[in-house]
Each structure stands twice: as C-alpha cells, then as structure tokens.
Amino acid sequence: MEGEFASPNHEPRPPGVVVDTVVLHATVLDTVDEVCEHFRKSDPGVSAHYTIDRDGTVYQHVDETEKAFHAGVSEMPDGRTVVNDFAIGIELVNLNDGFDPYPESQIVALRSLLADIRSRHPIKHVVSHAEIARPRGRKTDPLGLDTSLF
Ligand SMILES: [Zn+2]
C-alpha cells in the first residue's frame, strides 16, 4: 500500500498460510507521527499492520495480505513460531509504562477493527506481544491491557 502512513517493511506471507492470530502491541512512542517515522526506517525495519491512536483513529501501514514485522522472535502457546507469518499486528498508541491509560475511544476502535479483521480471516487467537515474545520477558506490551477481553 502507498500513502503517508505506509511502511515499506513487509514481505509476502508464506504460500497458503491462514491468518488466524492478532498480536496486540503498545507503541511506547507517544504519537502516530513518531510511529510512522519509525515504521518508514529500513533499520530496524519494523512495522505493524495498524496503529490505533488514543482518539480511536485507525491508521494502516501494511496490507493484511503481507507479512509485517512486529512480533520478532516469538512462539504461540500451540508451539508455532515465526508468528508474523500468520498474524496481523495492531499497535495501540500508549507509553507502555503501566500508567498511561487506554482510553475508551481507543478500545472501541480496537473492537471494531477486530470485528472487521474477523470478517476477513478465521481469527482464533488475540494475544499480547508479551505473551508470545521469546525469550520470555523480552517484551511487556501492551502493559496494563487484558488481551483476554478480546
Ligand atoms: Zn510489541
């Protein structure tokens, strides 16, 4: 995809892969502008499919058909690794300090986006980055958000 929010950091998913997982993140960065700038850099070359701002605005960086680079070294509870292959990554603008709240507008937008994604893919798992990052403890995001609610 193109446009001011697009990230060049993506590649094709493996052939035949079924997207069945959503990984939730917190940006640590404080603004969508900073996130977009970060996602445009080739080093470290990271990205996510979506970022949701505090006011509920949703920004798309990578097409869902493509693999974005958000989970890093990772493992699902069912043992599957390279989670980015079969996942959609959603970033929530949040400092991830355990104090910065996730406003209701942001959570409403997340629920709506998840409903959209579920209409396109047989999503079976909504997990936090912290749950799947390896080695365990490498990531804590999205700190303070109970992903079992989604
Ligand atoms: Zn993350």
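Our structure is the block above this text.
Residues numbered from 1 in each chain as written. Predicted model: local features only at pLDDT ≥ 70, side-chain atom pairs only at ≥ 80, totals over all residues. Heavy atoms only, no water.

**Examining the coordination of the zinc ion**
Next up, step 1: The zinc ion binds to the protein through His-25 (ND1), His-129 (ND1) and Asp-141 (OD); the donor distances cover 2.0 to 2.2 Å.
Next up, step 2: Along the chain, the residues donating to the zinc ion are arranged with the sequence spacing H-x103-H-x11-D. Of the two residues, His-25 is situated in strand S2 (residues 21-26) and Asp-141 in the segment after helix H3 (129-132); the sequence distance between them amounts to 116 residues. When sorted by exposure, His-25 lands in the same class as Asp-141, which is buried. (Donors = N, O, S within 2.8 Å, 3.2 Å for Na, K, Ca; no water. Helix = DSSP H or I, 4+ residues; strand = E, 2+ residues; numbered from the N terminus. Buried < 20%, exposed > 50% of the residue type's maximum accessible area, 1.4 Å probe, protein only.)

**With respect to the environment of Tyr-59**
Next up, step 1: Take Tyr-59: it is sitting in strand S4 (residues 58-60).
Next up, step 2: By relative accessible area, Tyr-59 is classed as buried at 16%.
Next up, step 3: Considering only alpha carbons, one finds Tyr-59 and Ser-112, 53 residues apart in sequence, at a separation of 13 Å.
Next up, step 4: Ignoring sequence-local partners within four residues, the contact set of Tyr-59 consists of Phe-5, Val-32, His-49, Tyr-50, Thr-51 and Asp-53. (Contact = heavy atoms within 4.5 Å.)

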